[in-house]
Each structure stands twice: as C-alpha cells, then as structure tokens.
Amino acid sequence: MRQTERLAADAAGLARAADILRDGGLVAFPTETVYGLGADATDAEAVAGIYAAKERPSFNPLISHLDSFESARSQGWFDETATRLAEAFWPGPLTLVVPVAPSCTVSDLARAGLDSVGLRVPAHPLAHALLERTGRPVAAPSANRSGRVSPTDADHVLGDLDGRIDAVLDGGAAQVGVESTIVSCLGGTPRLLRPGGVPREAIEALIGMKLEEGGEAGSGPLAPGMLASHYAPRAQVRLNATSIQPGEAALLFGPGAPQGVEAAQATLNLSKNGDLVEAAAHLFSYLRQLDASDATTIAVGPIPETGLGEAINDRLRRAAADR
C-alpha cells in the first residue's frame, strides 16, 4: 500500500502531479467526462502500474493524451482525413487511431503491441495544464477498478484506488458525459470504433463520407472497448513449457532455468526476480524480439495467475490460439 496524495488544482498541485508522472507514478485527474488514471505512456513499467491498480484482466490498447495536435504529430502519422478531424475537434472528446510515427515514444504495452496508437487532446483545462507540464504522452483509462463505476470526483477515485495510486488531482466534480468518440484513420474509409462525445453526423459532415463500422474483420482491437486480441507473433506459442526443445525461442519468468534452455534459438526472461509488473512491462517487446529470432515456436515458461499474472496469461493464451 502506498500513501495516496490529494492534490489541489493549483500551481503547486499541478507541479507535484507532473513530477509524479515523470517519475513513473500514477495520478488520477479530471477530463471532460470522468477522472482518468494517468501514467507516463512512454514508460512501460508505469503503464503496467495502471493495470495493477485497476486489476484489469487483459491488456487492451490505452488512449494516450497529449497537450496539443503538434505533440500528437510526433506520436502518430496523420493523413489528410485525420488532420481535418484533429483540427476540427481537438481539444475535445475525440480519439483518433492512427499509424505510429517513426518518432513515436508510446510504449508497446500502452499500444497493446499494435502498430497503431490512439491519441486524444482533451479539452478540460486542468487536464491540459497537467499534460503541458508533464511534457509526455499520458495513458489514462478511467480511474476505477476494472468493472466498477467510472469516477466523477476525487472522492470516487479514492473510494476505489486509495493506497493503490500515488495521487489524485482534485478538480472537483467532472462534467459527466459520454466517453470520447473513437475513429480509426488507418487507410481507406475511416471507421467508427466507439460512439461518444463527438456525434457521428458531425464527423461525416466534415469528411464528406459515411464512416465504416467497427474494426476490420479478423483484426485485433484498435482501441479500448473492443474485443481483446492483440499483436500475435508469426511463431507458434507453446504455454507452460517446463523444458525447451532445440530451436525454440524461450520466454521465461523467474529465477529458474528450464531443461534444454541452452539449446534455445533465443532466450529472454520477463523478470528474473519474479516481479509481475516488470514482466507486464516487457511482455510485448520481448514477444517481438523472440519472433524476430525466426524460431518457429516460442516456448513460454509457467507464469502465476495471481495479480498481473492473470492479464499476462490472458494475453499469452490469445497469442497461442489457433489463427
């Protein structure tokens, strides 16, 4: 348990909140609709802390919040349509899913291993001030434990997360409304992934075409609120491996070394100390690295189902599923 600070919505509170975020901590703060639970989106271990605090059962893509369209351009690639939408509706309750830019710093874990990123510039003045002071993308799902009611004031946040996060920036009651609209701009006709605060009609009037519905058939989730099936490696994934076969890549957890590991094509350990937060932070990047070894199979050592282990195993079972 940690001591959760309650910070005032003044210069000192904003400075303290920004320092906590830059140091890898968790800060709840108000947006246009509800309080979000923020972490430095560029720090995978900080992002893993969001999942641990929320007791979230699976790793879905998280929306990264920024202080301006200019900042967002460094994280994602905006085609003509995405640019028009950003210029028209930012700051505001619109999230745009776009391809990652070469300069993107949002972590693999925040993106759930995808080559796209969900970006938003919120309109709430306190959120904007915090993002400006932090100077980095901030991943921020709702500041409540998974499955519980979204919080609309600091008391709600503390009722759910006191002792689990570093601070809440108290901006009073949030303006209760629907979540942000999510639109993907990944080539072709833009897709409405989630209806929300910006009406479909306003978007379609601006771009002069009808939005497609949902994600591409067979695609992974591009944003929160979509079915969880994320980056799948080309290699087959073998779970709960207690020995490694010659030529397999090995994804390990904890201090032990399974039989045959010396013959592995490549070996990475999610956390030699058995730290599940560290393991979650490494999960997607390590899968990518082992996939690049050209092994036909990635053998994954046993990982406990407790705490973040539940989410890690959920992701690995999806990676191992027939496809």
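Further up the page is the structure itself.
Presented here is an overview of the structure given in this document. Every value quoted in this text rests on a predicted model; they were computed, and no experiment measured them.

Counting buried positions over the 5 residues of strand β6 (residues 116–120) gives 5, a clear majority of the element. Every second residue of β6 is oriented toward a common face, with S116, G118 and R120 on one face and V117 and L119 on the other, all of them buried. Bridging between strand β4 (residues 64–65) and β6 involves 2 bridges; their strand directions are parallel. Within the sheet, the bridge partner assigned to H65 lies in β6 and is R120. Bridge count for strand β5 (residues 94–99) against β6 is 4 bridges, and the pairing is antiparallel. Across the sheet, the residue bridging to V97 is G118, located in β6.

Excluding glycine, residues mostly have negative phi values, and the peptide bonds linking residues are mostly trans. The step from W90 to P91 runs through a cis peptide bond, and the omega angle for that step is -5 degrees. Secondary-structure assignment places P91 in the loop between α4 (80–89) and β5. In this model, E55 sits at a positive phi of 55 degrees, which is unusual for a non-glycine residue. Summarising the element assignment, E55 is placed in the loop between α2 (44–54) and β4. Here E55 falls in the partly exposed class, since its relative accessible area comes to 46%. One non-glycine residue, N240, adopts positive backbone phi at about 50 degrees. You can see N240 is positioned in the loop between β12 (236–238) and β13 (249–252).

Let us now look at the sheet that holds β5. Strand order in the open sheet formed by 11 strands is β1-β8-β2-β3-β7-β4-β6-β5-β9-β10-β11, and the pairing between neighbours is mixed. Looking along the sheet, the strands with just one partner apiece sit at the ends: β1 (5–8) and β11 (212–213). Looking at chain direction, β1 and strand β8 (residues 167–170) are connected through 4 bridges and run parallel. In the strand pairing of β8, R6 is matched with V168. Packing of α2 onto the sheet brings it into contact with β3 (35–40) and β7 (138–139), and relative to β3 it is tilted by some 145 degrees. α4 contacts β5 and β9 (181–184) of the sheet and is inclined by roughly 155 degrees relative to β5.

Direction vectors running N to C along α2 and helix α8 (residues 276–291) enclose 120 degrees, while the axes themselves pass 8 Å from each other. Classed by the angle they form, the pair α2 and α8 counts as oblique. Judged by the twist between their axes, the crossing of α2 over α8 is right-handed. Along its contact with α2, which presents A44, E45, A48 and A52, the element α8 presents V277, E278, A280 and A281. Of the residues that constitute the contact of α2 with α8, the class distribution is 6 nonpolar, no polar and 2 charged.

Next up on the list: helix α7 (residues 200–207). Since there are 3.6 residues in each turn of an α-helix, residues three or four apart along the chain are aligned in direction. Residues I203, E204 and I207 constitute the buried set of α7. One side of α7 carries all its buried residues, which in axial view fall inside an arc of 95 degrees. For α7, the exposed residues lying more than 90 degrees away from the buried face are E201 and A205. Tucked inside the fold, the buried residues of α7 contact α4, β5 and β9.

Between α8 and helix α9 (residues 309–320), whose axes approach to 9 Å, the crossing angle comes to 20 degrees. Classified by the interaxial angle, the pair formed by α8 and α9 is roughly parallel. Relative to α9, the crossing made by α8 is left-handed. On α9, the residues that touch L276, A279, A280, L283, F284 and L287 of α8 are G309, I312, R315 and L316. Within the contact of α8 with α9, the residues separate by chemical class into 8 nonpolar, 1 polar and 1 charged.

In the structure shown here, the tally under the stated rule is 19 salt bridges. When the shortest N-O distance is used, the salt bridge between D160 and R148 registers 2.7 Å. Taken together, the positions of D160 in helix α6 (residues 154–161) and R148 in the loop between β7 and α6 put the pair 12 residues apart, joining distant regions of the chain. Overall, the relative accessible area of 9% leaves D160 in the buried class. The network of salt bridges with shared partners includes D108, R111, D115 and R288.

With that settled, the discussion passes to the sheet that holds β13. One open sheet accounts for 4 strands, arranged β12-β15-β13-β14; its pairing is parallel. The sheet is open, and its two edges are formed by β12 and β14 (266–269), each paired on a single side. Mean inter-strand twist for the sheet, computed between neighbouring axes without regard to direction, equals 20 degrees. Lying over the sheet, α8 contacts β13, β14 and β15 (297–300), oriented at roughly 175 degrees with respect to β14.

Reading the values: rules and limits
- Residues numbered from 1 in each chain as written.
- Predicted model: local features only at pLDDT ≥ 70, side-chain atom pairs only at ≥ 80, totals over all residues.
- Heavy atoms only, no water.
- Buried < 20%, exposed > 50% of the residue type's maximum accessible area, 1.4 Å probe, protein only.
- Helix = DSSP H or I, 4+ residues; strand = E, 2+ residues; numbered from the N terminus.
- Pairing = 2+ DSSP bridges.
- Contact = heavy atoms within 4.5 Å.
- Axes fitted to C-alpha atoms, helices over the stretch in contact; angles between N-to-C directions.
- Parallel < 35°, antiparallel > 145°, perpendicular 65-115°, else oblique.
- Left-handed = near helix turned anticlockwise from the far one by under 90°.
- Nonpolar A, V, L, I, M, F, W, Y, C, P; charged D, E, K, R; others polar.
- Arc of directions from axis to C-beta.
- Salt bridge = Lys/Arg side-chain N within 4 Å of Asp/Glu carboxyl O.

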